[in-house]
Structures are given as C-alpha cells and as structure tokens.
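A structural walkthrough
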Amino acid sequence: MSQSVLLTIARASIEEVLQAELKIDRTELLGLYPVLSQPMECEITLYLDTKVRGSARSKISRPLLEEIIRNAKLAAFQDERFDPLVTSEYLHATIQLTLFTAEGSISHQSEPILRDS
C-alpha cells in the first residue's frame with residue numbers, strides 16, 4: 001500500500017468535516033487494502049509552515065482505517081491547543097502521518113494543496 005493512500009484518507013477525513021459531506025467509502029478501501037482492517041496505532045500532526053497546527057494520537061489500537069479517520073479529525077478540529085481548522089488553513093497545511101508498528105515507527109508527510117508564493 002502506498003503512502004499516498006494513507007495520506008489521502010487523512011485529507012478526505014478533514015474534508016468530510018469542512019464540506020459536511022461523507023467522502024470515504026470504507027467498504028471499498030477495506031476491500032482494496034485489507035491491511036487497513038488491522039489494528040495499528042497512528043498519529044496525525046498538521047503543520048502550517050513549520051509550526052504544529054494540531055495533532056492527535058490514540059492510546060487504543062483500532063483498525064488502521066478508523067485510526068487515520070479519527071485522528072485526522074481530532075487533530076484538525078479538536079486539539080484543545082488550537083481553534084478548529086478552517087478551509088484557508090487546510091489548503092496550506094502539511095499532514096504528517098506516523099504509524100507505530102512492532103518494527104518501529106514509520107512516518108509519511110504530504111505536501112500542502114496550495115503553496116505560499
């Protein structure tokens with residue numbers, strides 16, 4: 001499974017809230033990527049420029065798909081250190097997804113949708 005799939009899920013999770021529309025087809029994703037049904041901890045951290053804008057990590061291991069969706073929404077909208085993310089911030093945000101596996105942690109990072117000129 002490519003890192004872009006995981007980051008795409010994280011972005012779609014945030015977009016579901018911003019657009020008030022369900023976008024993630026869980027059944028399809030689980031069919032295409034069975035590993036998403038495996039319990040795995042993950043952390044989502046949002047950055048604006050190089051500054052943390054929100055983060056979330058669960059201490060309970062759920063299926064990876066649910067962990068990504070849940071933590072992306074928590075990082076964007078419920079991190080108590082920040083106001084909820086707004087669309088203009090989202091478009092410039094970088095998303096870092098870290099998986100915690102038995103072999104260690106693996107981290108992937110997206111590029112912002114819009115870059116500052």
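Residues numbered from 1 in each chain as written. Predicted model: local features only at pLDDT ≥ 70, side-chain atom pairs only at ≥ 80, totals over all residues. Heavy atoms only, no water.

**Looking at the overall build of the protein**
What counts is decided by this rule: Labels follow the DSSP assignment, with helices taken as runs of H or I lasting at least four residues and strands as runs of E lasting at least two, numbered in each case from the N terminus. The globule rule used for comparison is 2.2 Å times the number of residues to the exponent 0.38, while the radius of gyration itself is calculated over C-alpha atoms. Only protein chains enter the area calculation, which uses a 1.4 Å probe; residues under 20% of their type maximum are buried, those over 50% are exposed, and those in between are partly exposed. His is not counted, nor are the chain ends, whereas Lys and Arg count as positive and Asp and Glu as negative. Charged groups are reduced to one reference atom each: NZ for lysine, CZ for arginine, CG for aspartic acid, CD for glutamic acid.
A tally of helices and strands in the protein yields four helices and four strands. The secondary structure elements of the protein, listed N-terminal to C-terminal, are α-α-β-β-α-α-β-β. The C-alpha atoms of the protein give 14 Å as radius of gyration, which agrees with the globular expectation for 117 residues (13 Å, within 12%). Its C-alpha atoms give the protein principal-axis dimensions of roughly 40 × 30 × 25 Å. Scored against the burial criterion, the 117 residues of the protein give a buried share of 40%. Across the protein, 12 positive and 17 negative side-chain charges occur, with their mean positions spaced 3 Å apart.

**A look at the side chain of S58**
The criterion, for reference: The definition of a polar contact used here is a pair of N or O atoms within 3.5 Å, where within protein one atom must be able to donate a hydrogen and the other to accept one, and adjacent residues in sequence count solely through side-chain atom pairs. Residues are treated as being in contact if the distance between any of their heavy atoms lies within 4.5 Å.
Looking at the element boundaries, S58 is found in the loop between β2 (51–57) and α3 (64–77). Its relative accessible area of 5% is what places S58 among the buried residues. A polar atom in the side chain of S58 sits 3.5 Å from the side chain of R62. Here N71 takes part through its side chain, which lies 3.1 Å from a polar atom of the side chain of S58. Non-local contacts of S58, meaning those with residues more than four positions away in its chain, are made with E41, C42, E67, R70 and N71.

**Here we look at the packing of aromatic side chains**
Worth spelling out the cut-off: Geometry of aromatic contacts follows a simple scheme: Phe, Tyr and Trp rings, the Trp one being its six-membered ring, pair when their centres are within 6.5 Å, and the pair is stacked under 30 degrees between planes, edge-to-face over 60, tilted otherwise. The criterion is that NZ of a Lys, or CZ of an Arg, lies within 6 Å of the ring centre and within 35 degrees of the ring normal, and then a charge sits over that ring.
Per the stated rule, a full pass over the model turns up zero aromatic pairs. Sitting over the ring of F100, R57 keeps its end group 3.6 Å from the ring centre.

**A few points about the environment of H108**
By the element assignment, H108 lies in strand β4 (residues 104–109). Separated by 82 residues in sequence, H108 and R26 place their C-alpha atoms 21 Å apart.

Any link to function would need more than the numbers given here.
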